[in-house]
Amino acid sequence: MAEAPRLTVVLPTYNELDNLPRMVEALLALPLPARLSILVVDDNSPDGTGRLADELAARHPGRVGVLHRTGKEGLGKAYLAGFARALAEGAELVLQMDCDFSHQPRFVPALLAALPGADMVLGSRFAPGGSVDPHWAWWRKLLSWFANSVYVRVILGSTLRDMTGGFRLWRAATLRGMDIQRRIGANGYVFQVEMAFVAQRLGYVVREVPIEFPDRTAGESKMSLGIQVEAARRTWEVRRRHRGLTRGDRAG
Ligand SMILES: Nc1nc2c(ncn2[C@@H]2O[C@H](COP(=O)(O)OP(=O)(O)O)[C@@H](O)[C@H]2O)c(=O)[nH]1
Ligand SMILES: [Mg+2]
């Protein structure tokens with residue numbers, strides 16, 4: 001039998017002191033047909049998350065690593081740096097997820113199970129069977145559904161219902177073929193939109209898997225309404241920049 005693939009979880013953190021140790025333990029405890037390791041990407045969190053990450057790395061040698069960055073530059077930059085490191089260290093699969101338990105480790109096996117025949121698997125709140133936090137007011141659910149399953153989807157002509165979702169399993173070959181360090185410039189939610197759009201334009205198969213998405217219970221969100229409005233506007237820019245891409249534009 002072939003050896004289990006090397007899976008690196010890229011975990012960006014900014015002030016996740018309460019969540020990080022629980023997340024690391026939960027991920028390391030998952031029974032998976034993959035060799036899982038974790039790369040924490042910390043932007044010099046004022047609450048000391050970076051130091052805690054170093055302690056966790058010392059406690060789990062070879063399974064937990066830390067990429068320290070000097071300051072808060074946003075989620076997109078953190079992911080690009082984390083993906084580059086994970087690929088350089090030989091990851092065959094790369095999982096991206098938030099460190100606040102909105103992305104729940106218990107769904108990782110379903111993401112992996114959906115990978116055969118796909119180039120990326122997207123954990124989706126709005127695929128049939130998926131859901132957002134049941135405590136959200138009806139208008140917030142409606143707004144979020146509209147933004148993802150209608151607005152972004154129609155502008156970009158995508159089949160995907162949750163292009164801002166950031167719980168994703170990538171093949172290393174997909175990330176390499178996308179030439180992400182050169183092509184991807186967006187940050188925040190638009191980073192997720194741009195990554196998914198470029199993948200689909202290049203002809204990569206993206207498969208959505210339903211997830212439940214509860215609100216974080218510890219720590220604070222770094223996203224705001226302003227960032228979401230900005231994302232809505234920037235979706236047009238993503239379309240303009242990448243709509244001409246075809247399969248022939250894959251790198252390598
Ligand atoms: N390294 C890094 N991580 C970030 C940054 N902004 C947010 N994060 C992390 O990205 C994940 C999602 O952020 P969050 O604020 O929960 O966004 P939300 O889920 O959209 O509310 C969490 O793990 C955050 O700690 C950043 O600028 N740098
Ligand atoms: Mg969150």
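You'll find the structure just up there.
Now for a look at the structure at hand.

### Notes on the pattern of salt bridges
Inspection of the entire model under this criterion finds 13 salt bridges. A salt bridge links Arg 35 to Glu 3; its shortest N-O distance comes to 3.4 Å. Of the two residues, Arg 35 is situated in strand β2 (residues 35-42) and Glu 3 in the segment before β1 (6-13); the sequence distance between them amounts to 32 residues. Arg 35 gets classed as partly exposed once you look at its relative accessible area, which sits at 37%. When the shortest N-O distance is used, the salt bridge between Arg 233 and Glu 230 registers 3.3 Å. Of this pair, Arg 233 and Glu 230 are both found in helix α9 (residues 225-242), three residues apart, which corresponds to roughly one turn of the helix. Taking relative accessible area as the criterion, Arg 233 reaches 52% and is therefore assigned exposed. With a relative accessible area of 29%, Glu 230 lands in the partly exposed category.

The rules we used
Every chain's residues receive numbers from 1 upward, in the order its sequence appears when written. Labels are handed out in written order, letters beginning with A for the chains and numbers beginning with 1 for the ligands. With the structure being a predicted model, the display of local features is reserved for residues of pLDDT at least 70 and the display and counting of side-chain atom pairs for 80 or more, all residues being used for whole-chain, interface and lining totals. Values reported for side chains reflect all heavy atoms of the structure, with hydrogen atoms and water molecules removed beforehand. Put simply, a salt bridge is a Lys or Arg side-chain nitrogen that is within 4 Å of an Asp or Glu carboxyl oxygen. We count a stretch as a helix when DSSP gives it H or I for four or more residues in a row; a strand needs E for two or more, and each element gets its number in order from the N terminus. Relative accessibility thresholds used throughout: buried, under 20% of the residue-type maximum; exposed, over 50%; partly exposed, between the two (1.4 Å probe, protein chains only).

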